[in-house]
Amino acid sequence: MSHLSRADVARLAALARIDMNDADLDRLSGQIDAIVDAVALVSEVANQDVPATSHPIPMSNVHRVDEVRPSLAQADALAAAPEAEDGRFRVPRILGEEA
Amino acid sequence: MTDWTRASALEMSAALRAGTVTSVELVQAHLDRIAGVDGAVHAFLHVNTEDALAVAASVDADRAAGVDLPLLAGVPIAIKDILVTKGMPTTAGSKILEGWMPPYDATVTSKIRQARMPILGKTNMDEFAMGSSTEHSAYGPTHNPWDLDRIPGGSGGGSAASLAAWEAPLAIGSDTGGSIRQPAAVTGTVGVKPTYGGVSRYGAIALASSLDQLGPCARTVADTAALHEVMGGHDVMDATSLDQPVPSCLDAARDGATNGLKGVRVGVVKELGGDGYQAGVKQRFEEALDHLRAAGAEIVEVSCPSFVYAMGAYYVILPSEASSNLAKFDSVRFGLRVERDTIEQTMGATRAEGFGDEVKRRLVLGTYALSAGYRDAYYGSAQKVRTLIQRDFVAAFEKADVLVSPTTPTTPFKLGERVDDPVAMYLNDIATIPANLAGIPGMSLPSGVAPEDGLPVGFQILAPAHEDARLYRIGAALEKALVAEWGGSLASMAPELEVTR
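Residues numbered from 1 in each chain as written. Chains lettered and ligands numbered in written order. Predicted model: local features only at pLDDT ≥ 70, side-chain atom pairs only at ≥ 80, totals over all residues.

**Here we look at the nonpolar core**
Put simply, the rule is: Structurally, a nonpolar core is described as a collection of buried Ala, Val, Leu, Ile, Met, Phe, Trp, Tyr and Cys residues joined by way of C-beta atoms within 7 Å. Exposed residues have 12 or fewer other C-beta atoms within 10 Å of their own C-beta, buried residues have 20 or more, and residues in between are partly exposed; the C-beta atoms are placed from the backbone. Two residues form a contact once the distance between their C-beta atoms, set from the backbone, is within 7 Å.
Core analysis: the biggest nonpolar cluster contains 180 residues, and Ile77, Ala253, Ala313 and Val316 of chain B have the highest contact counts within it. Discounting residues that sit within four places of it in the chain, Ile77 of chain B has contacts with Ile112, Met117, Ile119, Leu120, Ala168, Leu170, Ala171 and Ile172 of chain B.

**What to know about the pairing of strand β11 (residues 456-462) of chain B**
All names here are of chain B. To keep it simple, the criterion reads: What counts as a helix is a DSSP run of H or I of at least four residues, what counts as a strand is a run of E of at least two, and both are numbered from the N terminus. Two strands qualify as a pair provided that DSSP identifies no fewer than 2 bridges between them.
Of all seven residues in β11, seven are buried; the element is thus mostly enclosed. Judged by which residues are buried, β11 turns out to be covered on both faces: Pro456, Gly458, Gln460 and Leu462 on one side and Val457, Phe459 and Ile461 on the other are all buried. Direction of pairing for strand β9 (residues 402-406) relative to β11: antiparallel, over a ladder of four bridges. Counted as the bridge partner of Val404 is Ile461 from β11. As paired strands, strand β10 (residues 442-449) and β11 are joined by six bridges and run antiparallel to one another. Considered in β11, the bridge of Ser444 is made with Gln460.

**Here's the deal with the interface of chain B and chain A**
Our working definition: Nonpolar residues are Ala, Val, Leu, Ile, Met, Phe, Trp, Tyr, Cys and Pro. Charged residues are Asp, Glu, Lys and Arg, and all others, Gly as well, are polar.
The interface of chain B with chain A comprises 59 residues on the first partner and 48 residues on the second. Those elements that provide at least two residues to the side of chain B that touches chain A are α10 (310-325), α11 (343-354), α12 (357-369), α13 (376-399) and α14 (422-426) of chain B. When residues of the side of chain B that touches chain A are assigned to their parent elements, the largest contribution, 13 residues, is made by α13 of chain B. Residues of the side of chain B that touches chain A, tallied by class, amount to 31 nonpolar, 16 polar and twelve charged.

**Topic: the packing of helix α8 (residues 249-259) of chain B against helix α16 (residues 468-486) of chain B**
Residue and element names in this part refer to chain B. To keep things clear, this is the line we draw: Fitting a line to C-alpha atoms yields each axis, with helices limited to the stretch in contact; the angle taken between N-to-C directions then spans 0 to 180 degrees. Take the far helix as your reference; a near helix turned counterclockwise from it by less than a right angle gives a left-handed crossing, and one turned clockwise gives a right-handed crossing.
The interhelical angle for the contact between α8 and α16, taken along N-to-C directions, is 35 degrees, at an axis separation of 7 Å. Here the hand of the crossing between α8 and α16 comes out right-handed. Contacts from Cys249, Ala252, Ala253, Asp255, Gly256 and Ala257 in α8 reach Asp468, Ala469, Tyr472, Arg473, Ile474, Gly475, Ala476, Ala477 and Lys480 in α16. Along the lines of polarity and charge, the residues of the contact of α8 with α16 split into nine nonpolar, two polar and four charged.

**Describing the sheet that holds strand β5 (residues 190-193) of chain B**
Residue and element names in this part refer to chain B. The mixed open sheet is built from eleven strands, whose spatial order is β1-β3-β2-β4-β6-β5-β10-β11-β9-β7-β8. Each edge of the open sheet is held by one strand with a lone partner, namely β1 (44-47) and β8 (298-302). Across the sheet, the mean angle separating the axes of adjacent strands is 25 degrees when strand polarity is ignored. Of the strands in this sheet, β4 (170-174), β5, β6 (214-218) and β10 touch helix α7 (residues 221-231), which is tilted by about 150 degrees from β6.

**With respect to α8 of chain B**
All names here are of chain B. Defined as follows: Note that the arc is defined by the directions from the helix axis to the C-beta atoms.
What α8 keeps buried is the set Cys249, Leu250, Ala252, Ala253, Gly256 and Ala257. Looking down the long axis of α8, one finds its buried residues gathered within 160 degrees of arc, a one-sided arrangement. Turned more than 90 degrees from where α8 packs its buried face, Thr258 and Asn259 sit exposed. Against α7 and α16 lie the buried residues of α8. In the stretch just after α8, Gly260 is the one whose phi turns positive, near 75 degrees.

**A short note on unusual backbone geometry**
Residues and elements named next belong to chain B. Looking along the chain, the bond that leaves Gly154 and enters Ser155 is cis, with omega of 10 degrees. Among the secondary structure elements, Ser155 is positioned in the loop between β3 (119-123) and α5 (157-164). Positive phi outside glycine occurs at His466, with the angle close to 75 degrees. The residue His466 is located in the loop between β11 and α16 in this model.

**Focus on the packing of α10 of chain B against α12 of chain B**
Residues and elements named next belong to chain B. The test is simple: Should an angle fall under 35 degrees it is taken as roughly parallel, and over 145 as roughly antiparallel, whereas 65 to 115 is taken as roughly perpendicular and any remaining angle as oblique.
Where α10 meets α12, the axes come as close as 7 Å, and the angle between the chain directions of the two elements is 95 degrees. Taken together, the axis directions place α10 and α12 in an arrangement best described as roughly perpendicular. Here Val316, Pro319, Ser320, Ala322 and Ser323 of α10 lie close against α12, whose contacting residues are Arg362, Leu363, Leu365, Gly366, Thr367 and Ala369. Partitioning the contact of α10 with α12 into residue classes produces six nonpolar, four polar and one charged.

Any link to function would need more than the numbers given here.
Put into structure tokens, the structure is as follows:
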């Protein structure tokens, strides 16, 4: 049974910010659809009245002492950046043509 | 002359304390072994030669000066490339982090350094720990020392292979669905996934945060126990870290090996066996049960009917969490950047170039499972399955103190055999996944080789949450019986690797 079309995979890849060309979609769409098919069994329990577990060992209100401690120096934080300027991370422009 | 690479970590520790060997000699012996065999095995992505020798020399100097040192001081260790290590490159097996030098140490890295253990290097893994064979590493697969044409398991195939190839006596792994236990099983070594929260995840590059757990890998149960005690403990830097004492793993291992298993109830999980399990795997499993019986344990059968949903739930939860965790690889703060006109185009191009196919498959899958209209059917259902599986475990642990199964359905398959068939690859982890979904601890230890192919078979032990010590008690008792039967450790029966100079 097909769950995801090639167009669905293209749309989801765009949402996940992964460029996919035709060759990628040819290779990956069928595999991804097969995985969805293999996991679809879980939807059998969708309507069962069972509480959800998001975290295996229940814990709540985990705090640590609010105290000043050493942290990364600015130079260390920027050292691995692809590009930095004036003590900040530098990125390509964030707005489109019309801006 | 003694070949120190063949000794256990605790034997090395005793020899260091007795003054019959120095840490520099131990580290050099392992570096020589790595130089001789790692061209064929490819367990290491980075070898930390100078720093390891410097740490060894400082330990030797302190020992000579009479300084009180930790148990494993001077004993070398390999670290899976998922842990950040200051001064050593960290890639998590991905091209997107090629050459990245982390600006800080993971908590477990700090603990290794505080324990004064020289770090031999960083071990290979499937990209971001997504895989069961290391074939999804961007830097090429690791080869199983038992048969170089076969997979070493994954994602921690590098750590497990380094042990089986005598390149390291101890290694760190991480286990999200079996990435410590399955490689241990197929390489004839030992590995433990602790109770969720038992070891800090701070500085471990996250795959699926509600499933990931770091753990110890070694060739013997007692060595694994000693490393577990070094790694474990509460850490304020990890909000899911358990605020409890570290379990007494080494004492439990000694107890099991010395006093047997009288009064211990061992539950065989009906659903983790039978059809789909290789004949030789089943045979070695049954023989291990006989050994446990002979040691005084009572064997009972338990049923966990919800396990039928485990694989599906796992491959919904893991990709969902991964799709969020891997959003940080956006070309801004670290790692690869493939420059385009705008930041969004740059992100899309960078992630296309930097991620391999398995990562792309899972990120698309996670994005789907969390999308409007599908969230309840997939992610919501998977979380309900987690509850059902936890209930199955609670019921099973009323009848038994530990649960057991084969670790994997088969012995290691050939490299390339399943790399383009994700669903077949996922079936490797069918017996290990339930423990991660429930947060309970698990161990794999060798139970012999399958008669039909001469390749290692793993025996899995599961215990209730917080009862990690039980794994070591039962594991040590079984190991003692098996080693007595074999006349030596399973690792020592692997074919000799050709050493190149």
